[in-house]
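# Breakdown of the fold
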Amino acid sequence: MGKISSPQELERYQNEILSKRDPHQPCVTVCGGTGCHASGCHQVIDAFRKVLQDHSQGNGINIRVTGCHGFCERGPLVVIYPQKILYQRVKPEDARTIFEETVLNGKVIESLLYDHPTTGTRIVHEEEVPFYQKQMRIIFGNNGNIDPTRIEDYLAVGGYRALSKALFSMTPEEIIREVKKANLRGRGGGGFPAGVKWETCKKAPGDIKYVICNADEGDPGAYMDRSLLEGNPHSVLEGMIIGAYAIGSHEGYVYVRNEYPLAVVNIGIAIQQDRELGLLGENILGSKFDFDVQISRGGGAFVCGESTALMASLEGNVGEPRAKHIHTVVSGLWDRPSNLNNVETWANVPVIIERGADRYTQIGTEGSKGTKIFSLVGKVNNTGLVEVPMGITLREIVYDIGGGIPGGKKFKAVQTGGPSGGCIPESLINLPVDFDRLTEVGSMMGSGGMIVMDESTCMVDVAKYFTNFLKDESCGKCTSCREGTKRMHEILTEITEGRGKPEHIDLLEELGWVTAETSLCGLGQTAPNPVLSTIRYFRDEYREHIINKRCPAKVCRVLLRYRILSDVCTRCGRCAKVCPVKAITGKKKTKKEAGEPFQIDTEKCIKCGMCFETCKFEAVEVQ
Amino acid sequence: MIPFVIDGQPVEGREDGNLLEVALDSGIEISHLCYNESVKPYGACRLCLVEVVRNGRSRMTTACTYPVIEGIEVLTRTEKVLRARRMIIELILAMCPGDKLIQDMARKMGVHEVRFKKEDKDCILCGLCGRVCDEVVGAHAIQFAFRGDRKEMIPPFGGEAMNCIACGACVIVCPVDVIRMEEEGDERTIIRWKRTLKMKQCKICGNYFAPWFQLEKFKEQVKLPKEFFDVCYTCRT
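Residues numbered from 1 in each chain as written. Chains lettered and ligands numbered in written order. Predicted model: local features only at pLDDT ≥ 70, side-chain atom pairs only at ≥ 80, totals over all residues.

### Observations concerning the overall build of chain A
Where we set the bar: In this description a helix means any DSSP run of H or I spanning at least four residues, a strand means any run of E spanning at least two, and both kinds are numbered starting from the N terminus. Restricting the calculation to C-alpha atoms gives the radius of gyration, and the globule rule supplies 2.2 Å times the number of residues raised to the power 0.38. Put plainly, a residue is buried at 20 or more neighbouring C-beta atoms within 10 Å of its own, exposed at 12 or fewer, and partly exposed in between, counting only other residues' C-beta atoms, which are placed from the backbone. Contact definition: two residues whose C-beta atoms, as placed from backbone geometry, lie within 7 Å.
Tallying secondary structure elements over chain A gives 24 helices and 19 strands in all. The C-alpha atoms of chain A give 28 Å as radius of gyration, which agrees with the globular expectation for 623 residues (25 Å, within 12%). Out of the 623 residues belonging to chain A, those deemed buried represent 52%. Considering only intrachain contacts with a sequence separation of at least 6, the fraction spanning at least 24 residues in chain A is 71%.

Here you go:
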């Protein structure tokens, strides 16, 4: 296939691809996303390839390695077409059985199915799994259907139809109007209306303008942008080309962190394929519009996700933010008008253009339209990537999609918005999730991290963990951010190690206020959120640490006290044997002697918890 | 010139100017550490905080990085601003408790004690030395390295600053005076950048007047007769 030079030719090519595909032809799809990769999908893929090669009937049966399906908890995931049978936690040795039983004979293998967590019934098809039922996968859904390295797969699901529509039946102004009408808000964290941004950039003086995709996702535990770039890179590129056409830009950059090797490879392949088919480069689809994209690999500094720091890094300078009184849409990369949106925002654009803003805005709340992909992790049964309509409650995400808290433990809080987000307590679990509601309760949407915490999580410790991350990732330019996060971390360490003072809470609040109010960029302005939100909702837990020197969640090691209950102690002596500092004394019970109950010398005890772990009789108590 | 108001006083500023320079020119004192008119505003120390009221909305910002805009109202001494500045100077004082200038500034702002663990750093990371070296001298001898609280102003890889011409601009511009220049015999040393250069003797008076390396760099940059660089500044006039 050479370059496609008209919308009609694109449509013909799409029809040609579809006509060659028999929907009844068996196909084995294996998820090749990040989560499944970690649980060994590549061995499964190799096993399938070998089975297909060895077997006399293996010829003509396709195996497709797709992007992330989201249900990472249950990986490696395998879906057998045309029946769409979902097998979870598949091992390489299952490949032969799946092929012989299911692919050839259409029989379902019960043991590989997903069990409904409450009813216990076995679920055969992907869409019947509760994890997927409340989701609305308009951006993420195609990940599981396509091989990200094959542009034909993207074209087969209607890819680049939006681009064709934008280039040939819409003016740049109409596109901007449509995006504004859809009220697409930036998915990278700020929630700024993308249409307004595009319009300002379009109107900004200058011949050379840049379009940038921010793929510097750096929140611990968040990987939705990564999975989109890995699993469906063409959807991001299609969004960028439409945006560039609307703004009047001819050069684009994808700034992607180098720690995402598969994302770098897949977006690179996608760009190359687009150039070959005439979807990037000069005269795209014969429209006389020129646009090309280059990849810039980031070194992995969290702060480079901030727009001005990202542009500094793109220019080859140190990734340090600058003041934005003159916006980057007017003067950004190399002092030229630059429009930056994140991966997920760009991926929303083709959906808006194809469906139209009216249909798009039917999803979501008043101020936040469409869907949002969250990375649901932590103390929750179904960890993974979930795409939900804006306005869904936290309860629905945690319990209906996430399947609740494992081990029968109690829900305590959910942290949204990445490291500089806030912790939302149980009392707010019915909160509808959208940009404005999350900000109101002292957290934020961020790029969509969602960490569930149960009763065994110490909120002071959580605040300390995130503050430590931010302290290390602050670029160090502003006194308030560099010193503010450092001092907050220092005080939180004091509190968790039993040296907290009553005045520390006020000091933390004061420091948090100054850091948020006076720092230059978004990192510093949101850095105190973990501290301020945990103080706001869990002040008593701070007090327990400071006044009673106790950690209610039994996490802060220094504050723990171990004790052996003498009436429960069977005098077996196992605890004394494992104690690394010989802090436990007593007399072992023998046939001749009754022995003496064991005791812990609290002075010597280093609170390692070995005795607690070892005792079979629950005679060791932690306070 | 663009008119606006600072603390009720009508003032005027250049189109590409910033609030701090206008305030200082108008005799309105705003404490600052990382600002110097010879280089671009940077906004690192966060001391020159002010409140800016624009279109009826007020926000706190650093005066050095805020552009001159017609009709804005700038408030330099509101309770909010003073409270924030006090915390900033306390944070800087905790970094460099031994520095006289910082101690004085803190005292003037009403900060008499430090509630944090005291460190014994000398550099306040304002970046002026590096910026002057880049923007004014053009030597690019030193740079910030690392990030967060490990941030440091150092020569490349912490070794000798091989691009340093020992001009001493960084010495002069440092607000806390921690960059030292020493001369002994025919050698000049910038101690902090581990740079020692041999000096040239003036053809007239015989005094050592500038490092050879510096004069060579200047020769490349300016079109002046070669002999110009053989004579010291005093003998030239």
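Alright, that's what it looks like, and here's the rest.
### Digging into the overall build of chain B
The helix and strand tally for chain B stands at 7 helices and 11 strands. Taken over the C-alpha atoms alone, chain B extends approximately 65 × 45 × 30 Å along its principal axes. Sequence-distant contacts in chain B: of pairs separated by 6 or more residues, those separated by 24 or more amount to 51%.

### Side note on the domain arrangement of chain A
All names here are of chain A. Note the threshold: Start and end positions for the domains come from either an automated domain assignment or a database one. Gly falls in the polar group here, along with every residue not listed as nonpolar (Ala, Val, Leu, Ile, Met, Phe, Trp, Tyr, Cys, Pro) or charged (Asp, Glu, Lys, Arg).
In terms of domain boundaries, chain A breaks down into domain 1 (25-81 + 85-124), domain 2 (151-360), domain 3 (371-454), domain 4 (459-546) and domain 5 (560-622). Look at where the C-alpha atoms of domain 3 and domain 4 centre, and you get two points 22 Å apart. Opposite the 12 residues of domain 3 that make contact, domain 4 presents 15 residues. Per-element accounting of the side of domain 3 that touches domain 4 gives the leading share, 3 residues, to strand 14 (residues 422-425). When grouped by side-chain class, the residues that make up the side of domain 3 that touches domain 4 number 6 nonpolar, 6 polar and no charged.

### Quick notes on the interface of chain B and chain A
Listed by partner, the interface residues are 24 residues for chain B and 27 residues for chain A. Take the side of chain B that touches chain A: its biggest share by element is 6 residues, from helix 2 (residues 79-95) of chain B. Class assignment for the residues of the side of chain B that touches chain A results in 15 nonpolar, 3 polar and 6 charged.

### Digging into the packing of helix 11 (residues 233-247) of chain A against helix 12 (residues 261-277) of chain A
Residue and element names in this part refer to chain A. Spelled out, the test is: Axis angles are defined between N-to-C directions and span 0 to 180 degrees, where every axis is a line fitted to C-alpha atoms and, for a helix, only to the segment in contact. Throughout, the term roughly parallel applies to angles under 35 degrees, roughly antiparallel to angles over 145, roughly perpendicular to angles from 65 to 115, and oblique to all others. If you view the pair so one helix is near and one far, a crossing is left-handed when the near helix is turned anticlockwise from the far one by less than a right angle, and right-handed when it is turned clockwise.
For the pair helix 11 and helix 12, interaxial distance at closest approach is 9 Å and the crossing angle is 55 degrees. Between helix 11 and helix 12, the angle is such that the two are oblique. Handedness of the helix 11/helix 12 crossing: right-handed. Touching Pro233, His234 and Leu237 of helix 11 are Asn266, Ile267, Ala270, Ile271 and Asp274, all from helix 12.

### Overview of the pairing of strand 11 (residues 371-378) of chain A
The side chains of a regular strand alternate between both faces of the sheet. Residue and element names in this part refer to chain A. Operational definition: Here, any two strands with at least 2 DSSP bridges between them count as paired.
Taking burial as the measure, the 8 residues of strand 11 include 7 buried ones, the bulk of the element. Summarising the sheet, strand 11 and strand 12 (residues 384-389) pair through 6 bridges and their orientation is antiparallel. Looking across to strand 12, one finds that Phe374 is bridged to Val386. Linking strand 11 to strand 12, which pair antiparallel, is a turn of 5 residues. Here 4 bridges tie strand 11 to strand 15 (residues 449-454), and the two strands are oriented parallel to one another. From the neighbouring strand, Leu376 faces strand 15, where its bridge partner is Met450.

### What about the domain arrangement of chain B?
Where interface size is quoted, it is often the accessible area lost as the parts come together. Residue and element names in this part refer to chain B. As far as domains go, chain B holds domain 1 (2-108) and domain 2 (128-236). Domain 1 and domain 2 are separated by 31 Å when their C-alpha centres are compared. Each partner contributes residues to the interface: domain 1 has 11 residues there, and domain 2 has 8 residues.

### A look at the sheet that holds strand 8 (residues 251-257) of chain A
Two strands in a sheet stick together by hydrogen bonds in their backbones, pointing the same way (parallel) or opposite ways (antiparallel). Residues and elements named next belong to chain A. Within the open sheet, the 4 strands sit side by side as 9-8-7-10. Their pairing is parallel. Both edges of this open sheet fall to strand 9 (292-298) and strand 10 (338-342), since each of them pairs with a single strand only. Within the sheet, the average angular offset between the axes of one strand and its neighbour, ignoring direction, is 20 degrees. Pairing between strand 7 (residues 210-215) and strand 8: 6 bridges, direction parallel. Counterpart to Ala215 in the pairing with strand 8 is Val256.

### With respect to the nonpolar core
Residues and elements named next belong to chain A. In plain terms, the rule: Think of a nonpolar core as buried Ala, Val, Leu, Ile, Met, Phe, Trp, Tyr and Cys residues, each tied to the set through C-beta atoms within 7 Å.
In this structure, Val78, Ile241, Ile242 and Ile397 are the most contacted members of the largest nonpolar core, which totals 226 residues. Apart from residues lying up to four places away in sequence, Ile397 is in contact with Phe374, Leu376, Val386, Val388, Ile392, Gly402, Val433 and Met450. Within the second largest apolar cluster, 14 residues are counted, among which are Cys575, Cys579, Ile584 and Ile600.

### Some remarks on the sheet that holds strand 11 of chain A
Residue and element names in this part refer to chain A. The 5 strands are arranged 12-11-15-13-14 in an open sheet whose pairing can be described as mixed. In this open sheet, the two edge strands, each paired with only one partner strand, are strand 12 and strand 14. Mean inter-strand twist for the sheet, computed between neighbouring axes without regard to direction, equals 30 degrees.

### Description of helix 11 of chain A
Selection criterion: In a helix, the anticipated span is given by 1.5 Å times the number of residues less one.
A rise of 1.5 Å per residue sets the reference length of helix 11 of chain A, with its 15 residues, at 21 Å; its end C-alpha atoms lie 21 Å apart and thus fit the reference within 8%. The element helix 11 of chain A is extensively covered by neighbouring structure, given that 15 of its 15 residues are classed as buried.

### Quick word on unusual backbone geometry
Leaving glycine out, the prevailing phi sign among residues is negative, and the prevailing peptide bond configuration is trans. All names here are of chain A. Going from Gly75 to Pro76, the amide bond is cis rather than trans, its omega being -10 degrees. Looking at where Pro76 falls in the secondary structure, it is placed in the loop between strand 2 (62-66) and strand 3 (78-81). With an omega dihedral of 5 degrees, the bond running from Tyr81 to Pro82 counts as a cis peptide bond. By the secondary structure assignment, Pro82 is in the loop between strand 3 and strand 4 (85-87). Positioned with a positive phi, Tyr160 is a non-glycine residue whose angle comes to about 65 degrees. Position of Tyr160 relative to the elements: it lies in the loop between helix 6 (151-156) and helix 7 (161-169).

### Let's talk about the environment of Asn105(A)
Relative to the elements of secondary structure, Asn105(A) occurs in helix 4 (residues 94-105). Here Asn105(A) falls in the exposed class, since 8 other C-beta atoms lie within 10 Å of it.

### Details of the pairing of strand 1 (residues 27-31) of chain A
Residues and elements named next belong to chain A. Of all 5 residues in strand 1, 4 are buried; the element is thus mostly enclosed. Sheet topology places strand 1 next to strand 3; 4 bridges connect them, and they run antiparallel. Residue pairing in the sheet places Cys27 in a bridge with Tyr81 of strand 3. Where strand 1 lies against strand 2, 5 bridges are found, and the strand directions are parallel. Bridge assignment links Val28 to a residue of strand 2, and that residue is Ile63.

### Here we look at the packing of helix 10 (residues 224-231) of chain A against helix 12 of chain A
Residue and element names in this part refer to chain A. Where helix 10 contacts helix 12, the two axes come as close as 7 Å, and the packing angle between them is 40 degrees. By the angle class used here, helix 10 and helix 12 are oblique. For the element pair helix 10 and helix 12, the recorded crossing hand is left-handed. The residues of helix 12 that touch helix 10, namely those facing Arg226, Leu229 and Glu230, are Leu262, Ala263, Asn266 and Ile267. For the contact of helix 10 with helix 12, the class distribution of residues is 4 nonpolar, 1 polar and 2 charged.

### So, the environment of Gln525(A)
Residues and elements named next belong to chain A. Relative to the helices and strands, Gln525 is located in helix 21 (residues 522-526). Taking the number of C-beta atoms within 10 Å as the measure of exposure, Gln525 has 18 and is therefore partly exposed. Measuring from C-alpha to C-alpha, the distance between Gln525 and Thr515 comes to 6.3 Å, with 10 residues separating the pair along the chain. Among residues more than four places away in sequence, those in contact with Gln525 are Ala516 and Ser519.

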